[in-house]
Amino acid sequence: MAILKAIGNPSKSIGGAKKCLDYVGNKAERTEGLYCSSDYKKAFEDFQDTKEFYNKKDGRQFLHFVQSFKHGEVNEENALELTKKFCEKIMNNNEVFLAVHNDKDHIHCHIVVNSVSFENGLKFQCSGNDLKIYKEIANEINKDFGLKIPEKSKIKYLCCDEKRLFPFCYCLFCVSFV
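Summarised in this report is the structure supplied together with it.

Rules of the game
Residues numbered from 1 in each chain as written. Predicted model: local features only at pLDDT ≥ 70, side-chain atom pairs only at ≥ 80, totals over all residues. Heavy atoms only, no water. Helix = DSSP H or I, 4+ residues; strand = E, 2+ residues; numbered from the N terminus. Buried < 20%, exposed > 50% of the residue type's maximum accessible area, 1.4 Å probe, protein only. Contact = heavy atoms within 4.5 Å. Salt bridge = Lys/Arg side-chain N within 4 Å of Asp/Glu carboxyl O. Phe/Tyr/Trp six-rings, centres within 6.5 Å; stacked < 30°, edge-to-face > 60°. Pairing = 2+ DSSP bridges. Axes fitted to C-alpha atoms, helices over the stretch in contact; angles between N-to-C directions. Patch = residues over 30% accessible without salt bridge, like charges linked within 9 Å, V, L, I, M, F, W, Y side chains within 5 Å. Areas by Shrake-Rupley, 256 points an atom, 1.4 Å probe, with all protein chains shown as cover. Lys, Arg positive; Asp, Glu negative; His and termini not counted. Charge placed at Lys NZ, Arg CZ, Asp CG, Glu CD. Polar contact = N/O pair within 3.5 Å; in protein donor to acceptor, adjacent residues only side chain to side chain.

Topic: the overall build of the protein
Move 1: The helix and strand tally for the protein stands at four helices and eight strands.
Move 2: Starting at the N terminus and walking to the C terminus, you meet the elements of the protein as β-α-β-α-β-α-β-β-α-β-β-β.
Move 3: Taken across its 178 residues, the protein has 44% of its residues classed as buried.
Move 4: At a minimum sequence separation of 6, the contacts of the protein that also span at least 24 residues come to 70%.

A word on the pattern of salt bridges
Move 1: Under the counting rule described, the total for this entry stands at four salt bridges.
Move 2: Measuring nitrogen to oxygen at the nearest pair gives 3.2 Å for the salt bridge that ties Lys18 to Asp22. Note that Lys18 and Asp22 are positioned in helix H1 (residues 14–26) at a spacing of four residues, about one turn of the helix.
Move 3: One salt bridge connects Glu76 with Arg30, and the closest N-O pair in it is separated by 4.0 Å. On the criterion of sequence distance, the pair formed by Glu76 in helix H3 (residues 76–90) and Arg30 in strand S2 (residues 30–34) is long-range, its members being 46 residues apart.

Regarding the packing of aromatic side chains
Move 1: Taken as a whole, this structure holds five aromatic pairs when the rule is applied.
Move 2: Aromatic pair Tyr35 and Phe118: ring centres 5.0 Å apart, planes at 40°, arrangement tilted. Of this pair, Tyr35 sits in the loop between S2 and helix H2 (40–53) while Phe118 sits in the loop between strand S5 (108–114) and helix H4 (128–144), and the two are 83 residues apart along the sequence.
Move 3: Judged by relative accessible area, which is 46%, Tyr35 ranks as partly exposed.

Considering the sheet that holds strand S4 (residues 96–101)
Whether parallel or antiparallel, the strands of a sheet pair through hydrogen bonds between backbone atoms.
Move 1: On the basis of which strands lie adjacent, the open sheet formed by five strands has the order S1-S3-S5-S4-S2 and antiparallel pairing. Because the sheet does not close on itself, it has two edges, and the strands there are strand S1 (2–7) and S2. Adjacent strand axes in the sheet meet at a mean angle of 15° when their direction is disregarded.
Move 2: In this sheet, S5 lies alongside S4 in antiparallel orientation, the contact comprising six bridges. Across the sheet, Phe97 pairs through a bridge with Val112, a residue of S5.
Move 3: Lying on the sheet, H2 is in contact with S4 and S5; it crosses S5 at an angle near 30°.
Move 4: Contacts from H4 reach S1 and strand S3 (62–69), with the element oriented near 150° to S1.

Considering a negative patch on the surface
Move 1: Negative charge collects at one region of the surface, where Asp39, Glu45, Asp49 and Glu52 lie side by side.
Move 2: In this structure, Asp49 sits in helix H2.
Move 3: Given the relative accessible area of 47%, Asp49 is considered partly exposed.

Some points on the side chain of Ser115
Move 1: Residue position: Ser115 is located in the loop between S5 and H4.
Move 2: In this structure the side chain of Ser115 is engaged in a polar contact, spanning 2.7 Å, whose partner is the backbone oxygen of Arg60.
Move 3: A polar atom in the side chain of Ser115 sits 3.2 Å from the backbone oxygen of Gln61.
Move 4: For Ser115, the residues in contact, after removing those within four places along its chain, are Lys51, Arg60, Gln61, Phe62, Leu63, Asn94, Leu122, Lys123 and Phe124.

Quick look at the environment of Ile149
Move 1: Relative to the assigned elements, Ile149 resides in the loop between H4 and strand S6 (156–158).
Move 2: When the C-alpha positions of Ile149 and Ala138 are compared, they lie 9.5 Å apart, and in sequence the two are 11 residues distant.
Move 3: Those residues in contact with Ile149 that sit more than four places away from it in its chain are Asn139 and Lys143.

So this is what it looks like as structure tokens:
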């Protein structure tokens, strides 16, 4: 069973993007760059070069997602491959840095997306509805691999951005309620 989560409120500073890539890159067992370097330091430079080319150095710098897998369900190579397939479907016009971690009791893959498309300079958008669609696509890819699809949770989240209860979490800062 794999679960896709958006990590909330990405930084609007260049330093925030660098810190995120440093964090996911330093702890990674495996990395891969889609349309950018597989080295996290060079991937940051690639992200910045695209922003400079399109003169889009302000605002949101990146998006951060994590796809987590049930303990023992996949190995690091499978986690990277499944996450890569997902990113190729959704984020095919953006530089994406993937980093597999095994520092928890489960394998998970961080997805750091350059906010600016290398193809047309547009910013990558991800609303709550987009995230639902992304989760459905990730579920289909994982199902095709033979993984169980998570059941809809009865847990509701109080999202810090919206101050309302939702059946899913937008970010790590949300509080869950049963």
